[in-house]
Amino acid sequence: FSVLEDGVIQQARFFSRDFSLPLSLCILMDLSGSQDGLVAKNISLARDFLRNILQPTDSVFVAAFDSRIKLIQDFTSSVPEIENAILHVRERRKHAPILGQGTGNASPVREAIYLCAREKLKPIRGRKALILISDGNDNASRVSVADTIEMLQSADTILYAVNPGTSALDKI
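As the structure is a computational prediction, the values presented were derived from the model and not from experiment.

Sorry, what's going on with the overall build of the protein here?
For the protein, the helix and strand inventory stands at five helices and eight strands. Counting the 172 residues in the protein, one finds 44% classified as buried.

Structure (structure tokens):
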């Protein structure tokens, strides 16, 4: 390819991404039965991640799912609020607003990703990422893999999957 300025070829010497732009981030935590023994580890992973990545201009929302997909903490830049939401995710999910629901008492991983991207990240401009903390076992989504990928692309959102135990994440 060529870089032109006023019709004259210019030499491209430096490319970079602007990481100074604010990041809008979703922390999506799997609280299904397959994660029962891993919730404490998942909470620790999420808190460590935030401490290492989050900048003052970034905003985060926390969602969690078992058979229901719930908004635990809406967008905030307050690290104490985010950490509190993550630390008390199990208690807070009991009274949290529902974003969606899978089928039966199962784990709707793809549907949770899809809804978080569509409802919360798509309307926002700028850098966006969704951090999924899950084993990836999906047995309840009504959303296909292709539709999930398409929604993430449409929302211009990067998905990062963190697996605290055995993985089915390659099937997401």
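So what exactly am I meant to see when it comes to the confidence of the model for the protein here?
Keep in mind that low pLDDT regions are not for reading the predicted coordinates in detail. Of all residues in the protein, 82% attain a pLDDT of 70 or more, and the chain-wide mean is 83. Predicted confidence for residues 168-172 stays below pLDDT 50, and this span has 17 contacts to residues more than four positions away or in other chains.

Would you take a moment to explain the pairing of strand S8 (residues 158-162) for this structure?
The side chains of a regular strand alternate, residue by residue, between the two faces of the sheet. Note that strand S7 (residues 127-133) and S8 share five bridges and pair parallel. Along S8, the bridge assignment pairs Leu132 with Ala161. One crossover worth recording links S7 to the parallel S8 by way of helix H5 (residues 145-154), and it is right-handed.

Where do I start with the nonpolar core in this structure?
In this structure, Leu25, Ile27, Met29, Leu50, Val60, Val62 and Ile86 are the most contacted members of the largest nonpolar core, which totals 22 residues. Residue assignment for this core shows that the elements contributing at least two residues are strand S3 (23-30), helix H1 (39-53), strand S4 (59-65), helix H2 (79-87) and S7. Filtering out sequence-adjacent residues up to four positions away, Met29 remains in contact with Asn42, Ile43, Ala63, Ala64, Phe65, Ile86, Val89 and Ile133. Judged by nonpolar contacts, the second largest core, of 21 residues, contains Phe61, Ile69, Leu71 and Cys116.

Even after reading the chapter, I still don't get H1, so can you show me in this structure?
Along an α-helix, a turn takes 3.6 residues, which lines up residues three or four apart on a common side. If you check H1, its first and last C-alpha atoms are 21 Å apart, about what 15 residues at 1.5 Å a residue would give, namely 21 Å. In this structure, the buried side of H1 is in contact with S3, S4, H2, helix H3 (89-92) and S7.

I tried to follow the side chain of Ser59 on my own but got confused; where do I start?
If you trace the backbone, Ser59 turns up in strand S4. Contact partners of Ser59, with chain neighbours within four places excluded, come to Leu23, Ser24, Leu25, Phe75, Thr76 and Ser77.

Got a minute to help me understand the packing of helix H4 (residues 109-121) against H5 in this structure?
Packed helices, taken two at a time, are described by their axes: the angle between them and the distance between them. Orientation of H4 relative to H5, taken along the N-to-C sense of each, is 25°, at an axis distance of 9 Å. By the angle between their axes, H4 is roughly parallel relative to H5. In the packing of H4 onto H5, the handedness of the crossing is left-handed. Seen from H4, the contacting residues are Arg110, Ile113, Tyr114, Ala117 and Arg118; seen from H5, they are Val145, Asp147, Thr148, Met151 and Leu152.

Criteria and cut-off values
Residues numbered from 1 in each chain as written. Predicted model: local features only at pLDDT ≥ 70, side-chain atom pairs only at ≥ 80, totals over all residues. Heavy atoms only, no water. Helix = DSSP H or I, 4+ residues; strand = E, 2+ residues; numbered from the N terminus. Buried < 20%, exposed > 50% of the residue type's maximum accessible area, 1.4 Å probe, protein only. pLDDT = per-residue confidence, 0-100. Contact = heavy atoms within 4.5 Å. Pairing = 2+ DSSP bridges. Right-handed = clockwise from strand over helix to strand, strands pointing away. Core = buried A, V, L, I, M, F, W, Y, C linked by side-chain atoms within 4.5 Å. Expected span 1.5 Å × (residues − 1). Axes fitted to C-alpha atoms, helices over the stretch in contact; angles between N-to-C directions. Parallel < 35°, antiparallel > 145°, perpendicular 65-115°, else oblique. Left-handed = near helix turned anticlockwise from the far one by under 90°.

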